[in-house]
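Below, each chain spelled out in residue letters.
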Amino acid sequence: IRYVYVLKLSDKTFYVGQTNDLVIRLQEHKDGQQTQTRGKEPKMVYYESFVGDRKSVDEREMELTILNSSGPGRRKLRQMIEKFRVPLRLLDLEA
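Along each chain, numbering runs from 1 in the same order as the chain's sequence is written. The predicted nature of this model means local features are confined to residues of pLDDT at least 70 and side-chain atom pairs, given and counted, to a pLDDT of 80 or more, with totals for whole chains, interfaces and linings taken over all residues. In computing side-chain properties, one takes all heavy atoms of the structure into account and sets aside hydrogens as well as water.

(A) Seen up close, the overall build of the protein. Per the secondary structure count, the protein includes three helices and three strands. Secondary structure elements are taken from DSSP: a helix is a run of H or I of four residues or more, a strand is a run of E of two residues or more, and numbering for both begins at the N terminus. Traced from its N-terminal end to its C-terminal end, the protein shows the element sequence β-β-α-β-α-α. The buried share of the protein, taken over its 95 residues, is 36%. Restricting the contact set of the protein to residue pairs at least 6 apart, pairs at least 24 apart contribute 54%. For every accessible area listed, the method is Shrake-Rupley and the probe measures 1.4 Å; residues are considered covered only by the protein chains on display. Of the roughly 6,500 Å² that the protein leaves accessible, carbon and sulfur atoms contribute 52%. Type-normalised accessible area, obtained with a 1.4 Å probe on protein chains alone, sets the label of each residue: buried when under 20%, exposed when over 50%, and partly exposed for intermediate values. Here, two residues are considered to be in contact whenever any of their heavy atoms come within 4.5 Å of each other.

(B) Representation of the packing of aromatic side chains in the model. Pairing of aromatic side chains here covers Phe, Tyr and the six-membered ring of Trp, requires ring centres within 6.5 Å, and sorts the geometry by plane angle: under 30 degrees stacked, over 60 edge-to-face, intermediate tilted. Considering all chains together, one arrives at four aromatic pairs under this definition. Ring geometry for Tyr47 against Phe84: centres 5.6 Å apart, planes inclined by 75°, an arrangement best described as edge-to-face. You can see Tyr47 sitting in strand 3 (residues 43-50) and its partner Phe84 sitting in helix 3 (residues 71-90), a full 37 residues away along the chain. Grouped by ring-pair contacts, the aromatic residues Tyr3, Tyr46, Tyr47 and Phe84 constitute a single cluster.

(C) Representation of unusual backbone geometry within the structure. If you check the backbone angles, Lys12 has positive phi at about 75° while not being a glycine. Note that Lys12 resides in the loop between strand 1 (2-8) and strand 2 (14-19). Notably, Glu41 is not glycine yet its phi reads approximately 45°, a positive angle. The residue Glu41 is located in the loop between helix 1 (22-30) and strand 3 in this model. The class for Glu41 is exposed, based on a relative accessible area of 53%.

(D) View of the side chain of Arg2. Relative to the elements of secondary structure, Arg2 occurs in strand 1. N or O atoms closer than or at 3.5 Å make up a polar contact, with two conditions inside protein: a donor-capable atom paired with an acceptor-capable one, and, for residues adjacent in sequence, both atoms drawn from side chains. Polar side-chain contacts of Arg2 include one of 3.1 Å to the side chain of Gln18. Once residues within four sequence positions are removed from consideration, Arg2 is found in contact with Gln18, Thr19, Asn20, Glu48, Ser49, Phe50, Arg54 and Val57.

(E) Structural view of the side chain of Arg25. When you line up the elements, Arg25 lands in helix 1. Classification of Arg25 as buried rests on a relative accessible area of 19%. Of the polar contacts made by the side chain of Arg25, one reaches the side chain of Tyr5; its length is 3.3 Å. Once you skip the residues sitting within four places of it in the chain, Arg25 turns out to touch Tyr5, Tyr15, Thr19 and Gln34.

Below, the structure is given as structure tokens:
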């Protein structure tokens, strides 16, 4: 399984990446091992999982990266993140 993910950074920008282990990769970002996110308090705000061919993962990462490169694209990215997060708000994570 591979994941395409989006991090929200403290400077209000987004970072798009991919990995085969979300937990380890997020920790690497938080530990400053990735120069683009170092010192920017990365928070995971979105991810998708893929099984099978690596090409589809690379294509989806590129789609999200392109969205992230323009104002209208970032608005679409924010809308996508919001739709992803709505069900999570319904969960009682304190239970």
